[in-house]
Amino acid sequence: MATETLQFVVNRHKVPVTLFILMYIDVLRCQPFTIPFRTPSDCGAEEFFDISSLSCVRCGPNQRRSTTGLSCVCQSGYKTVTTDKASISCEKCLPNKPGVTKDGFGCIRCPGGLSNDGKCQCPPGDVLVERDLNGTLLEEARCETCDEDSPALSVPNRNGDRCERCLAAYVNTSCACKSPNVPGGGLCFPPSIISTNVNPTVTYSQLKFSVQSAWFLENLFSSSSACLGFSNLTACQALGNMCVMNMHSFSSASTDACALFNNIFRTMAALSSTQGISYWRANLPWLYYGDEPGLASRVLQTDPVPIGFSFRGKNKNTDFRLLAAVYNVRGEFLRWEQVGGQNLQLCPQPKTKRAAAFSFGTAYKESCVLSVAQLFATHPEPLFYDVFLDLGGGENTKLLPLPTLIQNQQYNGRFINQDVFGRFQLVRRTQEGKVFPPLMTVTYTDVLITDLNTQTVATTFAVEYEMDQSEARLKTDIALGVLGGVAVLYSLMKTISWKRRIASSFIDLETMVKFLLFYAGDLANVFFAVTVGTGLYWLIFYKAQQFVSVLLPLPAQEEQFVTYIGCAFALKAVQFLHKLALQVTVDIFLIDWERPRTKTNRSVPVSGESKHDTSPVSIWRTYFVANEWNEIQTIRKISPTFQIMTVLFFLEVLGFSNLALRDPWSNLQRSPEEYTPSYSLTLRYGVAATLWLCIGLLQVIFFTVFYAHFVEDKIRQFVDLCSVSNISVFILSYRCFGYYIHGRSVHGHADTNMEEMNNNLRREAESLCAQRGLLPNTEVQTFQVSLTSRLGMQYKRIQESISRRNQPSRLTDASTLSSLEPHFKAYQAMNHFLGCVIDHAHSDMDYIVKDKLMFESVIGMEFLEPTEKSIFYNDEAHTFSNVLYYGNEATLLIFDTLFFCVVDLGSQSFVLAAVLTYVQQVIFCFLRNSLGRKNLANKTLVDERFLI
């Protein structure tokens, strides 16, 4: 098509003129060129569509539009007279020569009648002769009869203008298909070759109906007969194509395409095979492996492909090449074609991304929705592909036929391939990157065409790699079984220790529940250790391998692994909530050792009289210690915010998330032009969990080794604060077990001025006073305490009278204040009672101080039961932090790791997982602080308003 273009010729002599035109173009106000829109169908019967002017032009006299609508031809009875190259003129034939020759340029007498277009016609079996051998037009046309009998055996050709030898199927004594021979598809067959009662039906299983195919009706009988009777290669291939169009499905009681193919296959069993392959009959396409039991598994898992794949090194080989023999629907071979591009990958993707499908080890999948009209436009005629794996070899290149599994295939109306999938499968225990023959899996979709322009169809092309995971699953199950058994024993020991610590020897429902709670935490650790180890194993051995020796589990094979992660998270959540409940219900009391300095009396009016009493000890020290305890309830050995931000930085900014992609490359950064495969849940969990744990452990090491020693240690500072404040802390996490922080001041008093306080601290620094330890000449201030049942019961009785709800004083009246007096007395009683116990003033509730055996510390259980005397175990490790977040960092770190990973596996978003992990940390921290503050106020009578 030509388009008009306004050209400007600019040189140094014409610049002013050009500028003038450009400057005055708006002044001239030229009308833009426009043409009306016309199509060939818009032209009338005596008009043609002029492709140069894109308009309808009227034909000349005695002319009409041609069948294409793009030119004019002479009317019937008129011959063409050429006048020039652009047009024609027509001249009517004379009455003595009324017929127009086939070429339209001459008039002739006809031996018979005229056709509708004014040309001569002959009876069937004759050919029309209008010119002699040198091309001279005859005065009268002749009708020559073709001799169908031997030895001529000729029939009119397709144009009817000459005789030609008939097809080989007719060659016998005559070209006429005479009874009892059977005609079909333009051929003639003996009646004994195959029954004419063929089934030309195509069944659409998804649409649940069958149709009679016009193509099958015309060609099925002739193709099968020519294949069987004459071993015609094209006919056999056409029959195979029809079987493929019927999804390889057949019935033992039917004569459809596939049944006919299999009958011919069995009939030709005595003939030699092709390429030395028994299932590839001579002259037949290879459609089936046969119905021998176990054959498919032997073909796919017996002989490896004779090439190896390597991801790294000088022998790196990751590309595999697939070739396809392409046939048309008539069974004609068209070409060899490399698989890729538009033949199997229908979705529009850049070439670089499509190439990733044929890079070994890269899990490839592309899905899209295509227009049915677009598919018909790009693939107007069905093509059939036989796919082979190119094994290389230069001039002696070998091809491996790839097994193909059609999931739509039916046998006797039953689907037989619905539960089979195709993919590359790795040879086990190989060090050379060997694989078994890959299996191609094809699934077709039936589309009922109602509106070609609006209907769409979904298409997917995928490449997967598989390795037998039975051994890996077995090892995982063994590890879970063994470690799970160890967890049972460890939980039993914890339960026994708990029974001792509550001074109970009966096995009741509470004991069983407690065992299950302990076992939940220990089993969670087992699942966590196994899953992290599994994820790390695949991350290291898959991404770092040189020769292909392991392949990632497929998504379906990862379901069990994801279940284990879910179990670990659920059980760890139970353990975390159990610990949280214990911490917010722990018994705690602050022992005030301060005594009045003098006996100065103060006057207290009582019923109009004056009463003298000792000056009280200030409560502010107790409030101060309680407030500090409240502040350290949720401190941790790591910074949760830094943890989340650092993990997210490594995953999303530095690109560690790319290590979880289902390909063998360990590149942290990927180009946008490269194909990005899907994520492996196993690798994704391995990367995320390993990063979280590593960063968390580094934080813990930094905190314990450097920060706590050289910057700040809040736990040790709290112990020092107790000594300076002359306040001891008594904690019971169980009925008869807990912790004691000895905060009794070596100076006797803590209510003093700044000068005296500084002098006291200086004396301690210069060792001019006694040491702070509970025992003389010791510095141990923290203890684990194992109490006798008598001491535990006495503590519980007094504690029950202390416990109450703190209310703001402005909301209480005089009657309420009077009712609180017993609580204050109980507080004084508890303070006095515990002080006397610490001072060995109660002979029946005395205690001893000893070191704990190392094995006792490891298993968390005391071998000695306190019967006569309580036992105070020296505890320089400050294990009283077990009732705080600080002493449960391992549980918190694992819980956060699992929470982050579970959210990520569900959402496939590290950012969302980080946000939700931060939210849950804030929520649980808030709950721990709120409930812990209420418990502290309830157990110590410290007004909650002072706990800020």
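Residues numbered from 1 in each chain as written. Predicted model: local features only at pLDDT ≥ 70, side-chain atom pairs only at ≥ 80, totals over all residues. Heavy atoms only, no water.

Undergrad: When you look at the overall build of the chain in this model, what are you seeing that I'm missing?
TA: In terms of helices and strands, the chain carries 20 helices and 39 strands. Compactness check: the chain gives a C-alpha radius of gyration of 48 Å against a globular reference of 30 Å for 948 residues, more than 25% above the reference. Referenced to the eigenvectors of the C-alpha coordinate spread, the extents of the chain come out at roughly 160 × 90 × 60 Å. For the chain, the residues scored as buried account for 43% of the 948 residues in total. Relative to all contacts within the chain whose residues are 6 or more apart in sequence, the contacts with residues 24 or more apart total 64%. Counting every atom, the chain has about 51400 Å² of accessible surface; 58% of that belongs to carbon and sulfur. Across the chain, the 83 positively charged side chains and the 86 negatively charged ones have centroids separated by 3 Å. (Helix = DSSP H or I, 4+ residues; strand = E, 2+ residues; numbered from the N terminus. Rg over C-alpha atoms; globule rule 2.2 N^0.38 Å. Buried < 20%, exposed > 50% of the residue type's maximum accessible area, 1.4 Å probe, protein only. Contact = heavy atoms within 4.5 Å. Areas by Shrake-Rupley, 256 points an atom, 1.4 Å probe, with all protein chains shown as cover. Lys, Arg positive; Asp, Glu negative; His and termini not counted. Charge placed at Lys NZ, Arg CZ, Asp CG, Glu CD.)

Undergrad: Before we go on, may I ask you to explain the packing of aromatic side chains in this structure?
TA: The geometry of an aromatic ring pair is captured by two quantities: the separation of the ring centres and the angle between the planes. A full pass over the atoms with the stated rule returns 53 aromatic pairs. With a centroid separation of 5.8 Å and an interplanar angle of 45°, the aromatic rings of tyrosine 204 and phenylalanine 209 are classed as tilted. For tyrosine 204, a relative accessible area of 30% gives the class partly exposed. On the basis of an interplanar angle of 45° and a centroid distance of 5.2 Å, the ring pair of phenylalanine 589 and tyrosine 827 is categorised as tilted. On the criterion of sequence distance, the pair formed by phenylalanine 589 in strand E32 (residues 587–592) and tyrosine 827 in helix H17 (residues 814–838) is long-range, its members being 238 residues apart. The pair formed by phenylalanine 589 and tyrosine 827 is uniform in burial state, with each residue classed as buried. Through pairs of rings, three or more aromatic residues link up here, namely Phe309, Phe311, Phe360, Tyr465, Tyr542 and Trp665. Cation over ring: arginine 281 sits above phenylalanine 265, and NZ or CZ is 3.9 Å from the ring centre. Of note, arginine 684 hangs over the ring of tyrosine 679, and the distance from its end group to the ring centre comes to 4.4 Å. (Phe/Tyr/Trp six-rings, centres within 6.5 Å; stacked < 30°, edge-to-face > 60°. Lys NZ or Arg CZ within 6 Å of the ring centre and 35° of its normal.)

Undergrad: Explain the nonpolar core to me, please; I cannot follow it from the model alone.
TA: The nonpolar side chains of soluble globular proteins are, as a tendency, buried together. Counting residues in each nonpolar core, the largest one holds 76 residues, and the members touching the most others are Phe320, Leu322, Phe360, Tyr685 and Phe900. No other element matches helix H9 (residues 509–543), which puts eleven residues into this core. If sequence neighbours within four positions are ignored, tyrosine 685 has contacts with Phe528, Thr531, Val532, Phe561, Ile565, Thr690, Leu898, Cys901 and Leu905. Among the nonpolar cores identified, the runner-up in size contains 37 residues, and Leu187, Met242, Val244 and Tyr327 belong to it. (Core = buried A, V, L, I, M, F, W, Y, C linked by side-chain atoms within 4.5 Å.)

Undergrad: When you look at unusual backbone geometry in this model, what are you seeing that I'm missing?
TA: Excluding glycine, a negative phi dihedral is what most residues carry, and trans is how most peptide bonds are arranged. Despite not being glycine, histidine 248 has its phi angle at roughly 60°, a positive value. By secondary structure assignment, the location of histidine 248 is in the loop between helix H3 (233–245) and helix H4 (257–267). Judged by relative accessible area, which is 12%, histidine 248 ranks as buried. The phi dihedral of asparagine 777 falls on the positive side, at around 60°, and the residue is not glycine. Positionally, asparagine 777 belongs in the loop between helix H15 (754–765) and strand E37 (782–786).

Undergrad: Can you help me understand a nonpolar patch on the surface in this one?
TA: Taken together, the side chains of Val911, Leu912, Val915, Leu916, Tyr918, Val919, Val922, Ile923, Phe926, Leu927 and Leu931 define a hydrophobic patch exposed on the protein surface, amounting to about 920 Å² of accessible area. Using a relative accessible area of 38% as the deciding quantity, one classes leucine 912 as partly exposed. (Patch = residues over 30% accessible without salt bridge, like charges linked within 9 Å, V, L, I, M, F, W, Y side chains within 5 Å. Salt bridge = Lys/Arg side-chain N within 4 Å of Asp/Glu carboxyl O.)

Undergrad: Before we go on, may I ask you to explain the sheet that holds strand E38 (residues 847–850) in this structure?
TA: Strand pairing in a sheet relies on backbone hydrogen bonds. The paired strands run either parallel or antiparallel. Across the sheet, which stays open at both edges, the six strands sit in the order E32-E35-E36-E37-E39-E38 with mixed pairing between neighbours. Edge positions in the sheet fall to E32 and E38, since each of these pairs with one other strand and no more. The average angle at which neighbouring strand axes cross in this sheet is 20°, direction not considered. As paired strands, E38 and strand E39 (residues 870–874) are joined by four bridges and run parallel to one another. Pairing of isoleucine 848 across the sheet is with isoleucine 871, part of E39. (Pairing = 2+ DSSP bridges. Axes fitted to C-alpha atoms, helices over the stretch in contact; angles between N-to-C directions.)

Undergrad: Please clarify how the environment of alanine 750 should be interpreted in this entry.
TA: One can find alanine 750 in the loop between strand E36 (737–741) and H15. It is 135 Å that separates the C-alpha atoms of alanine 750 and cysteine 122, two residues lying 628 residues apart in sequence. When neighbours within four sequence positions are excluded, alanine 750 is seen to be in contact with Glu594, Arg621, Val724, Ser725, Asn726 and Met757.

Undergrad: Honestly, the packing of helix H10 (residues 559–583) against helix H19 (residues 889–907) in this entry has me stumped. Any pointers?
TA: The packing of two helices is summarised by the inter-axis angle and the distance between the axes. Across the interface, H10 lies against H19 with an axial gap of 9 Å and an inter-helix angle of 140°. Put simply, H10 runs oblique to H19. For the crossing formed where H10 meets H19, the hand is left-handed. Here H10 contributes Ile565, Ala568, Phe569, Lys572, Ala573, Gln575, Phe576 and Lys579 to the contact with H19, which in turn contributes Thr891, Leu892, Ile894, Phe895, Leu898, Phe899, Val902 and Leu905. Its residues assigned to classes, the contact of H10 with H19 comprises twelve nonpolar, two polar and two charged. (Parallel < 35°, antiparallel > 145°, perpendicular 65-115°, else oblique. Left-handed = near helix turned anticlockwise from the far one by under 90°. Nonpolar A, V, L, I, M, F, W, Y, C, P; charged D, E, K, R; others polar.)

Undergrad: What am I meant to see in the environment of histidine 578 here?
TA: Assignment of secondary structure puts histidine 578 in helix H10. Looking at histidine 578, the relative accessible area reads 11%, which means it is buried. Each C-alpha atom of the pair histidine 578 and lysine 514 lies 9.7 Å from the other, and the pair is 64 residues apart in sequence. Engagement of the side chain of histidine 578 in a polar contact is seen with the side chain of lysine 514, the distance being 2.9 Å. (Polar contact = N/O pair within 3.5 Å; in protein donor to acceptor, adjacent residues only side chain to side chain.)

Undergrad: Just checking my understanding: could you explain the state of the cysteines for this structure?
TA: What is meant by a disulfide is a covalent connection between two cysteines, made through their sulfur atoms. All told, the structure shown has ten disulfides when counted by the stated rule. The disulfide bridge from cysteine 43 ends at cysteine 56, spanning 2.1 Å between sulfur atoms. Given an S-S torsion of about -85°, the disulfide between cysteine 43 and cysteine 56 has left-handed geometry. In this pair, cysteine 43 sits in the loop between helix H1 (15–28) and strand E1 (47–50) while cysteine 56 sits in strand E2 (residues 55–58), placing the two residues 13 residues apart along the sequence. A relative accessible area of 6% places cysteine 43 in the buried class. The structure places no disulfide on cysteine 736, whose sulfur is separated from the nearest cysteine sulfur, that of cysteine 836, by 20 Å. (Disulfide = S-S within 2.5 Å.)

Undergrad: How do you make sense of the pairing of strand E21 (residues 364–371) when you look at a structure like this?
TA: The side chains of a regular strand alternate, first on one face of the sheet and then on the other. Residues Tyr364, Glu366, Cys368 and Leu370 line the buried face of E21, whereas the alternating positions Lys365, Ser367, Val369 and Ser371 sit on a face that is not buried. Both E21 and strand E30 (residues 456–463) contribute to a ladder of eight bridges, which runs antiparallel. Paired with serine 371 across the strands is threonine 456, a residue of E30.

Undergrad: Looking at this structure, how should I read the sheet that holds strand E20 (residues 333–338)?
TA: Pairing in this open sheet of four strands is antiparallel, and the strands run E20-E19-E22-E23 from one edge to the other. Both edges of this open sheet fall to E20 and strand E23 (399–401), since each of them pairs with a single strand only. Geometrically, the sheet is characterised by an average inter-axis angle of 35° between neighbouring strands, direction not taken into account. As judged from the three bridges shared by strand E22 (residues 383–390) and E23, these two strands associate in the antiparallel manner.

Undergrad: How do you make sense of the confidence of the model for the chain when you look at a structure like this?
TA: Low-confidence regions, as indicated by low pLDDT, have predicted coordinates that should not be scrutinised in detail. Summing up the model confidence of the chain, the mean pLDDT is 85 and the portion of residues at 70 or higher is 90%. When the criterion is pLDDT under 50, residues 1–31 qualifies, and its contacts beyond four places in sequence or with other chains add up to six contacts. Predicted confidence is poor over residues 805–812, with pLDDT under 50, and the contacts of this stretch with residues over four places away or in other chains come to 13 contacts. (pLDDT = per-residue confidence, 0-100.)

Undergrad: Please clarify how the pairing of E36 should be interpreted in this entry.
TA: Most of E36 sits inside the fold, with five of its five residues counted as buried. Neither face of E36 is left uncovered, since the one carrying Phe737, Tyr739 and Ile741 and the one carrying Gly738 and Tyr740 both have all their residues buried. Note that strand E35 (residues 727–734) and E36 share five bridges and pair antiparallel. For valine 729, the partnering residue across the bridge sits in E36 and is isoleucine 741.

Undergrad: I'm lost on the pattern of salt bridges in this one. Help?
TA: Where charged atoms from two side chains of opposite charge approach closely, those side chains can pair. In the structure shown here, the tally under the stated rule is 31 salt bridges. Where lysine 79 meets glutamate 91, a salt bridge forms, and the shortest distance between an N and an O atom there is 4.0 Å. You can see lysine 79 sitting in strand E5 (residues 78–82) and its partner glutamate 91 sitting in strand E6 (residues 88–92), a full twelve residues away along the chain. As a salt-bridge pair, arginine 716 and aspartate 713 come within 3.8 Å of each other at their nearest N and O atoms. Each member of the salt-bridge network shares a partner with another, and the members are Arg501, Lys852 and Glu862.

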